[in-house]
Amino acid sequence: MSKVIALSTATRMEPQRLETPAPMIVPNEQVDVTAANRERQPPVPKMETAIAPVSRTRTRVAAVLRAILLPALTFLVVLAIWSFVNAKITSDIPTPAEAWTRAVEVLGNPFYDAGPNDMGIGWQVLYSLGRVMAGFALAVVVGIPVGFLMGASRAVHQACYPLVQILRPVSPLAWLPIGLLIFQAKDPSAIFVIFITSIWPVIVNTAAGVQAIPQDYLNVARVLQLGKLEVTRRILIPATLPHILTGMRLSLSVAWMVIVAAEMLTGGIGIGFYVWDEWNNLNVASIIVAIGVIGLVGILLESVMNLAQRHFDYNRR
Amino acid sequence: MSYLNISNVDVVFPIVNGTYIALREVSLEVEKGEFITIIGHSGCGKSTVLNVVAGLLQATRGGVLLENREVNSPGPDRAVVFQNHSLLPWLTVYENVRIAVDKVFGKSKTKAERHDWTVHNLKLVHMEHALDKLPGAISGGMKQRVGIARALAMQPKVLLMDEPFGALDALTRAHLQESVMEIQATLNNTVLMITHDVDEAVLLSDRIVMMTNGPAATVGEILQVDLPRPRNRLELADDSAYNHYRAEVLRFLYERQRRPDAA
């Protein structure tokens, strides 16, 4: 391994600076400070701020308006298509107004409980989230160590990589029969499906993270004579953490997509079965409401993971 | 026997079809407190020499003795200042130095002493104002200062610097060279520094080791620089001795060891 380092340092490109004499000026530290600031901040249009502060406020207002208006426009287009489908193709799709009325009903009382077959949408979402979290947690607990081994050891990588590549693109639902056979129960089967589909991003990203650790950090560890455990705790884990979190973010969004499909097949309480149930009742308005809720929960999960990621990203903190 | 003794070092790398001889018969004796720079064209194996002394790379033949002990693995007695600073980006400036201090003096110094020693070394490189900053928030020159502080804090027998200022702009580089001379005047370390900058070599060194081109690079000439210290780059600009040394190095690099790929 050490030979590889030396080769790369030996063949490193060096700028041809031999002819230019070093400048005969003794600068002060201020040079460094401004350089650092320049690197991190986008260039501020100074002229504008100094001469025309009014126009700057105006551009900001315009930017905010655009940020609101443009997405609103997109939503309007979607509503128009929706209304068109309702009017010209099939009236089984409710109008936006009908869906809105249903949304107010459903979301107005999300946590009612009228027996196992009739619960509020809030409960449905919570049950689904429970399964997602169980499968996701298992995927993280298993995936991170496996990814670490794959990243750290060539042999483990060679041994596992083909399997990972084969299993990764498999549709989540193909696993469901296997789960049902093994566990003979729907809840563990759903969790199994979540686990087996959301583990891959964790493994792949963790392994990539370990492999991407700059050799320099490991050389620092060697010069300091850090032990194996110290290297893991003080170098490998912190250096890999941003990659691991990327893997976890992808994994969680996969898990949330998969749970709806899995629950449609397994049944029980959950947002996926809720959709299936409402379909059987031909209650399409409820399905549209559920689609909205699924999307919103997805955004919520995504932003929680984004927050975590930002917190641990030492380059942006 | 000299303090640091590099004797008959060969380094051979296995490549796809056969072997590549990077260094052949590299020998160098360094006295305690000497400031040595190694200069040569790209790819001549300067860094390979440094890596062998650091213990990051094993010599194929020959070896390195430091105070009559053979060097065969890395250790804090041969602290390295890496070219791209290699600070750990998740640790603050203080923590980056402290991790080295804790490792080297964990048993011999108390916690308070280790804290003081960490701050002391950061003061040496004028970075005491940025103790709690992360490396991502300071400039390249500052990062390299912290890298130097981390190496100094290990109290190495030999300080190894691998083109420490190569990636910096000219003004920052000049400023850091001043700092290195200032620190050297106080601590009188034994320093082995790789550079490709002729002025830097003449300004800082007691001796300049000029290497021939690879493959099978070796020590071509050694130039003794007898300029009085402290050295001032403004005064030296018009100094005939300084310009003579400068010309010597340039002659070696451009007449005797023309870059093979330079037209």
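Everything quoted here is computed from the prediction, not taken from an experiment.

**Let's talk about the overall build of chain A**
And then number 1: From N to C terminus, chain A includes 13 helices and zero strands.
And then number 2: For chain A, the succession of helices and strands along the chain, N to C, is α-α-α-α-α-α-α-α-α-α-α-α-α.
And then number 3: Counting every position in chain A, which comprises 317 residues, the buried fraction comes to 37%.
And then number 4: For chain A, the proportion of contacts with a sequence separation of at least 24, taken over those separated by at least 6, is 66%.
And then number 5: In the structure as shown, chain A presents an accessible area of about 18700 Å², 69% of it carried by carbon and sulfur atoms.

**With respect to the confidence of the model for chain A**
And then number 1: Mean pLDDT over chain A stands at 83; residues scoring 70 or higher make up 82%.
And then number 2: Residue range residues 1–49 of chain A is modelled with pLDDT below 50. Its contacts to residues more than four positions away, or to other chains, number 85 contacts.

**Details of the packing of aromatic side chains**
Aromatic ring pairs are described here by two measures, namely the spacing of the ring centres and the angle between the planes.
Residue and element names in this part refer to chain A.
And then number 1: Within this structure, the stated rule accounts for five aromatic pairs over all chains.
And then number 2: Taken together, a centroid distance of 5.8 Å and an interplanar angle of 55 degrees make the contact between Phe183 and Phe192 tilted.
And then number 3: On the accessibility criterion, Phe192 (15% relative accessible area) is buried.
And then number 4: Taken together, Trp175, Phe183 and Phe192 form an aromatic cluster joined through their ring pairs.

**Here we look at the UniProt feature "domain: ABC transporter" (unreviewed entry) in chain B**
And then number 1: Mapped onto this numbering, the UniProt entry gives "domain: ABC transporter" (unreviewed entry) at residues 6–238 of chain B.
And then number 2: Structurally, residues 6–238 of chain B is divided into 34% helix and 26% strand, and its ends, taken at the C-alpha atoms, are 36 Å apart.

**Section: the pattern of salt bridges**
And then number 1: Taken as a whole, this structure holds 17 salt bridges over all chains when the rule is applied.
And then number 2: Across the pair Arg131(A) and Asp187(A) runs a salt bridge, and its minimum N-O distance is 2.5 Å. With a gap of 56 residues between them, Arg131(A) in helix 6 (residues 121–152) and Asp187(A) in helix 9 (residues 186–211) connect regions that are remote in the sequence.
And then number 3: Residues Asp77(B) and Arg78(B) are paired through a salt bridge, measuring 3.3 Å at the closest nitrogen-oxygen approach.
And then number 4: Using a relative accessible area of 5% as the deciding quantity, one classes Arg78(B) as buried.
And then number 5: One network of salt bridges, with partners in common, ties together Arg102(A), Glu105(A) and Glu278(A).

**Points about the sheet that holds strand 9 (residues 207–211) of chain B**
Residue and element names in this part refer to chain B.
And then number 1: Taken in spatial order, the six strands line up as 6-7-8-3-9-10 in an open sheet, and their pairing is mixed. In this open sheet, the two strands that pair with only one neighbour each are strand 6 (80–81) and strand 10 (219–224).
And then number 2: Relative to strand 7 (residues 158–162), strand 6 runs parallel, the two sharing two bridges. Residue pairing across strands places Val81 opposite Met161, the latter belonging to strand 7.

**A word on a nonpolar patch on the surface**
And then number 1: A surface patch of nonpolar side chains, about 380 Å² in accessible area, is lined by Leu70(A), Leu73(A), Leu76(A) and Leu79(A).
And then number 2: Relative to the helices and strands, Leu76(A) resides in helix 4 (residues 53–89).

**As for the environment of Phe136(A)**
And then number 1: By secondary structure assignment, the location of Phe136(A) is in helix 6.
And then number 2: With near-sequence residues (within four places) excluded, Phe136(A) lies in contact with Ile194(A), Ser198(A), Met248(A), Ser251(A) and Leu252(A).

The rules we used
- Residue positions within a chain follow its written sequence, with the count starting from 1.
- Key to labels: chains lettered from A, ligands numbered from 1, both in the order written.
- In view of the model being predicted, local features appear only for residues whose pLDDT reaches at least 70, and side-chain atom pairs are presented and counted only at 80 or more, with totals across whole chains, interfaces and linings using the full set of residues.
- No hydrogens and no water enter the side-chain calculation; it runs on all heavy atoms of the structure.
- Secondary structure is summarised from DSSP: a helix means a run of H or I of at least four residues, a strand means a run of E of at least two, and numbering begins at the N terminus for each.
- Under the scheme applied here, a residue whose accessible area is under 20% of the maximum for its type counts as buried, over 50% as exposed, and between as partly exposed, the area being computed with a 1.4 Å probe on protein chains only.
- Throughout, a contact is declared for two residues whenever any of their heavy atoms are within 4.5 Å.
- The method behind every accessible area is Shrake-Rupley, applied with a 1.4 Å probe, and residues are considered shielded solely by the protein chains displayed.
- Note: pLDDT gives the predictor's confidence per residue, expressed from 0 to 100.
- In this scheme Phe, Tyr and Trp rings, the latter by its six-membered ring, pair at centre separations within 6.5 Å, and the angle between planes marks the pair as stacked below 30 degrees, edge-to-face above 60, and tilted otherwise.
- UniProt positions are given in the numbering used here, feature names are shortened, and annotations may be inferred rather than shown by experiment.
- Any Lys or Arg side-chain nitrogen located within 4 Å of an Asp or Glu carboxyl oxygen qualifies as a salt bridge.
- Note on pairing: DSSP must find at least two bridges between two strands before they are called paired.
- Patches draw on residues past 30% relative accessible area with no salt bridge. Two like charges within 9 Å are joined, as are two nonpolar side chains (Val, Leu, Ile, Met, Phe, Trp, Tyr) within 5 Å.

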